[in-house]
Amino acid sequence: MLPKVEVDRRIVETCPDMKIGLVRAKVVNTPTNDELWAELEHAAEGIKQQYELLAINSRPAVAATRKLYRHLGKDPNRYRVASEALCRRVIRGLGLYRLTTLVDLINLVSMVSGYAISGLDADRLVGDTLHLGVGAEGEPYEGIGRGQLNIQGMPVYRDAVGGVATPTSDEERTKITEQTATVQININGYGAEMPMTQAVAWTVDLLKRYASATEIESDILERF
């Protein structure tokens, strides 16, 4: 079942037209196959041809997320949005990490759409509600591969236990692994770029083609 989502008024006031695409499905996670990897490399080449390094910040979806960081008191140059960081890596010629099917297909959608996307192991979430709020001073949060991350002033999803996702990094506790059997994907459109209906439909299609997805649920939340 898709989670309920509650959004802090500070975020809504800064991003009144925001939309959140939700996708949940039963999946089979595997090492990325060559067909998916080819799609990812093709998209990366398109990003390299379309953008200069400094122009990534002006992509509508990235710019809106960076603006939200500033309004909440976070430096978006020190704590980069993951979609921005991924594109910057591609443009700088550093290549892509080949991880697992689920992580790589989420990276594909994030890179092309510009949206900050949370990819979570749904079976590790506690409770039926995700609260999208603002990180507090000293709030514990272990970013994936980053150790303790200072999330003060970041938009953060919390379940009944604590933080699970920010635009900079998801949390270790609910991260996607090769054992993930149910995935929860939140496509966070703080500002519009790719139509959210398209981003959700593409995500569902990728899950069907590459992750044997079943029991798929999706929705688009707006007018919070």
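Now for a quick tour of the structure.

The rules we used
Residues numbered from 1 in each chain as written. Predicted model: local features only at pLDDT ≥ 70, side-chain atom pairs only at ≥ 80, totals over all residues. Heavy atoms only, no water. Buried < 20%, exposed > 50% of the residue type's maximum accessible area, 1.4 Å probe, protein only. Helix = DSSP H or I, 4+ residues; strand = E, 2+ residues; numbered from the N terminus. Pairing = 2+ DSSP bridges. 1 Å grid on protein atoms, 1.4 Å probe; cavity = no way out; pocket = protein on both sides within 12 Å on 5 of 7 lines; lining within 4 Å. Points joined across faces, edges and corners; volume = space filled by probe spheres on them. Nonpolar A, V, L, I, M, F, W, Y, C, P; charged D, E, K, R; others polar. Phe/Tyr/Trp six-rings, centres within 6.5 Å; stacked < 30°, edge-to-face > 60°. Lys NZ or Arg CZ within 6 Å of the ring centre and 35° of its normal. Axes fitted to C-alpha atoms, helices over the stretch in contact; angles between N-to-C directions. Parallel < 35°, antiparallel > 145°, perpendicular 65-115°, else oblique. Left-handed = near helix turned anticlockwise from the far one by under 90°. Contact = heavy atoms within 4.5 Å. Salt bridge = Lys/Arg side-chain N within 4 Å of Asp/Glu carboxyl O.

Taken across its six residues, strand E3 (residues 116–121) has six buried, putting it largely inside the fold. The side-chain alternation of E3 yields two buried faces, one formed by Ala116, Ser118 and Leu120 and the other by Ile117, Gly119 and Asp121. Bridge count for E3 against strand E9 (residues 182–189) is six bridges, and the pairing is antiparallel. Bridging from a neighbouring strand, Ser118 pairs with Asn186 of E9.

Turning next to the layout of surface pockets. In this structure, the largest pocket spans a volume of roughly 1000 Å³. As for the largest pocket, its lining consists of 29 residues, and the residues nearest its centre are Ala82, Leu99, Val103, Asn107 and Ile144. Elements supplying a minimum of two residues to the lining of the largest pocket: helix H4 (82–91), helix H5 (101–113) and E3. Here the lining of the largest pocket is built from residues that sort into 13 nonpolar, nine polar and seven charged.

Let us look at the packing of aromatic side chains. For the structure shown, the criterion picks out zero aromatic pairs. For Lys74, the ring lying beneath its charged end belongs to Tyr79, and the centroid distance is 4.1 Å.

Contact pair helix H2 (residues 34–50) / H5: the axes reach a minimum separation of 10 Å and the direction vectors enclose 25°. Between H2 and H5, the crossing angle belongs to the class labelled roughly parallel. Crossing handedness for the pair H2 and H5: left-handed. Along the contact surface, H2 presents Leu36, Trp37, Glu39, Leu40, Ala43, Ala44 and Ile47, while H5 presents Thr101, Asp104, Leu105, Asn107, Leu108, Met111 and Val112. Here the contact of H2 with H5 is composed, by residue class, of ten nonpolar, two polar and two charged.

Turning next to the pattern of salt bridges. Scanning the model with the defined rule gives 14 salt bridges in all. One salt bridge connects Lys4 with Asp128, and the closest N-O pair in it is separated by 3.9 Å. Taken as a pair, Lys4 in strand E1 (residues 4–7) and Asp128 in the loop between E3 and strand E4 (129–134) lie far apart in primary sequence, 124 residues in all. A relative accessible area of 47% places Asp128 in the partly exposed class. With a shortest N-O distance of 3.7 Å, Asp121 and Arg124 are connected by a salt bridge. One continuous salt-bridge network, built from bridges that share partners, spans Lys19, Glu222 and Arg223.

In spatial order, the strands read E1-E4-E7-E8; together these four strands make up an open sheet with mixed pairing. Looking along the sheet, the strands with just one partner apiece sit at the ends: E1 and strand E8 (163–165). The average angle at which neighbouring strand axes cross in this sheet is 35°, direction not considered. In this structure, strand E7 (residues 155–158) lies alongside E8, joined through two bridges in antiparallel fashion. Residue pairing in the sheet places Tyr157 in a bridge with Ala165 of E8.

Below, the discussion takes up the sheet that holds E3. In space, the four strands of this open sheet follow the order E3-E9-E2-E10, with antiparallel pairing throughout. In this open sheet, the two edge strands, each paired with only one partner strand, are E3 and strand E10 (214–221). Averaged over all neighbouring strand pairs, the angle between strand axes comes to 10°, with direction disregarded. Both strand E2 (residues 19–26) and E9 contribute to a ladder of eight bridges, which runs antiparallel. Residue pairing for E9: Leu22 is matched across the bridge by Asn186. Strands E3 and E9 of the sheet are contacted by H5, whose axis makes an angle of about 165° with E3. Sheet strands touched by helix H6 (residues 196–211): E2, E9 and E10. Its angle to E9, the strand with the most contacts, is close to 155°.

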